[in-house]
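# Fold and geometry: a report
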Amino acid sequence: MNNHIDTELLLNYVEGSVEPALSLAIALHQKHCPTCRQKIKDLESHYGENLELSESSHNEGAGFDRLITDIAKLTTADTNKAVPQVLTNHDRENNGGIGFVDDYAVAEINRPLLKQLLNFNQDGFEWQKLTSNISTVELELYDVSFKVNLLRFSAKTKIPKHTHLGKEFTFVIEGDFKDHKGTHTAGDFIACDGSDEHSPVAGDTGCVCLAITEAPLKFTGILGPLLNRYASY
Ligand SMILES: [Zn+2]
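Because the structure is predicted, anything quoted here is derived from the model rather than measured.

## Some words on the overall build of the chain
Each helix and strand counted, the chain has eight helices and nine strands in total. A buried classification covers 45% of the 233 residues belonging to the chain. Partitioning the contacts of the chain with sequence separation of at least 6, the portion at a separation of at least 24 is 65%. By element, 50% of the accessible surface of the chain is carried by carbon and sulfur atoms, the whole surface being about 12000 Å².

## A closer look at the layout of surface pockets
Of the voids in this model, the second largest pocket is the one considered here, and its volume is about 290 Å³. As for the second largest pocket, its lining consists of 16 residues, and the residues nearest its centre are D6, L9, L22, K167 and F169. Those elements that provide at least two residues to the lining of the second largest pocket are α1 (7-15) and β7 (189-192). Ranked by residue count, the leading element in the lining of the second largest pocket is α1, at three residues. Taken together, domain 1 (7-118) and domain 2 (122-231) each give at least three residues to the lining of the second largest pocket, which thus spans both.

## Remarks on helix α7 (residues 111-118)
Within an α-helix, residues lying three or four positions from one another point in the same direction, as the helix has 3.6 residues per turn. Of the positions making up α7, those classed as buried are L113, L114 and L117. In an axial view of α7, the angular spread of the buried residues amounts to 105 degrees, which keeps them on one side of the axis. By the N-cap criterion, in which a side-chain oxygen at the helix start approaches the backbone nitrogen of a residue two or three places on, α7 is capped by N110, the distance to L113 being 3.0 Å.

## Re the environment of S145
Position of S145 relative to the elements: it lies in the loop between β2 (134-139) and β3 (147-153). Residue classification places S145 among the partly exposed positions, given a relative accessible area of 30%. Residues in contact with S145, not counting those within four places in the same chain, are E19, T213 and E214.

## Some thoughts on the nonpolar core
Counting 40 residues, the largest nonpolar core has L24, I26, L117, L150, L210 and I212 as its most contacted members. Among the secondary structure elements, those contributing two or more residues to this core are α1, α2 (20-32), α3 (34-57), α7, β2, β3, β5 (168-179) and β8 (201-213). Among the domains, domain 1 (7-118) and domain 2 (122-231) are the pair contributing at least three residues each to this core. Apart from the residues within four sequence positions on either side, L210 is in contact with L24, A25, L28, L117, L139, V148, N149, L150, F169, T170, F171 and I173.

## As for the packing of aromatic side chains
Under the counting rule described, the total for this entry stands at four aromatic pairs. Between F125 and W127 the ring centres are 6.4 Å apart and the planes differ by 65 degrees, which places this aromatic pair in the edge-to-face class. With respect to burial, F125 and W127 carry one shared label: buried. Seen in terms of ring centroids, F146 and F169 are 5.9 Å apart; in terms of plane orientation they differ by 70 degrees. Their pairing is edge-to-face. A residue pair is termed long-range when its members are at least 10 positions apart, and F146 in the loop between β2 and β3 and F169 in strand β5 qualify at 23 residues. Summarising the burial analysis for this pair, F146 and F169 share the class buried. Pairwise contacts between aromatic rings join F120, F125 and W127 into one cluster. Above the ring of W127, the side-chain terminus of R152 is found at 4.3 Å from the ring centroid.

## Regarding the coordination of the zinc ion
Every protein donor of the zinc ion is accounted for by H4 (ND1), H29 (NE2), C33 (SG) and C36 (SG), and the metal-donor separations fall at 2.1 to 2.4 Å. Given four donor atoms and angles of 93 to 132 degrees at the metal, the environment of the zinc ion is assigned as tetrahedral. Taken in chain order, the donor set of the zinc ion reads H-x24-H-x3-C-x2-C. Of this pair, H4 sits in the segment before α1 while H29 is found in helix α2, placing the two residues 25 residues apart along the sequence. Since its relative accessible area comes to 0%, H29 is described here as buried.

Basis of the calculations
Residues numbered from 1 in each chain as written. Predicted model: local features only at pLDDT ≥ 70, side-chain atom pairs only at ≥ 80, totals over all residues. Heavy atoms only, no water. Helix = DSSP H or I, 4+ residues; strand = E, 2+ residues; numbered from the N terminus. Buried < 20%, exposed > 50% of the residue type's maximum accessible area, 1.4 Å probe, protein only. Contact = heavy atoms within 4.5 Å. Areas by Shrake-Rupley, 256 points an atom, 1.4 Å probe, with all protein chains shown as cover. 1 Å grid on protein atoms, 1.4 Å probe; cavity = no way out; pocket = protein on both sides within 12 Å on 5 of 7 lines; lining within 4 Å. Points joined across faces, edges and corners; volume = space filled by probe spheres on them. Domains from an automatic or database assignment. Arc of directions from axis to C-beta. Polar contact = N/O pair within 3.5 Å; in protein donor to acceptor, adjacent residues only side chain to side chain. Core = buried A, V, L, I, M, F, W, Y, C linked by side-chain atoms within 4.5 Å. Phe/Tyr/Trp six-rings, centres within 6.5 Å; stacked < 30°, edge-to-face > 60°. Lys NZ or Arg CZ within 6 Å of the ring centre and 35° of its normal. Donors = N, O, S within 2.8 Å, 3.2 Å for Na, K, Ca; no water. Tetrahedral: all angles 85-135°; square planar, octahedral: opposite > 155°, others 65-115°.

And the structure:
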């Protein structure tokens, strides 16, 4: 697992203030990632404590300062450190495998879709071809900030070079792809923004991703005009 979710985003998740599209991707990643799962758990307990502190003492400043100090500690905690934590049977059996969401999350999550993506089956979706090697499914999450798509790339597909006009979050569902940041495999959560111009390449078995985009991608390669037309929503 090379890619994790940054602390600010996890804090928003724990507070329940994250957008529906992101809460879905964070829930998917936490299922795969003991490190982020532990961080969410820590943030939840720290955040809860500090909320109580500020309410009881009527001193929000001190509570907030302590919260920030605690978060700083979490942020600097070694993310490479192995966190010995496995999902319990309760997690696995509860609610079709998404019981872990009840244990660790506060944000609103589209549960039917989460279940569908955790037990992923390509045949369960109606794919639209963008090119001979790239297909997509648009997912409706009623999220005003983000557009959410499944993207499927056949083996070794080069995705035309593009920059991002806004934030883009990618969760790898199946297979893998690589770009200038490295190889991203199933379970990885990757954040990109306008500073990232890349031309990802799908791995040997292809790749299926959940793509969450704040603004349309801007394709700059040879297929640019065609793909920009598909990407403009
Ligand atoms: Zn992680």
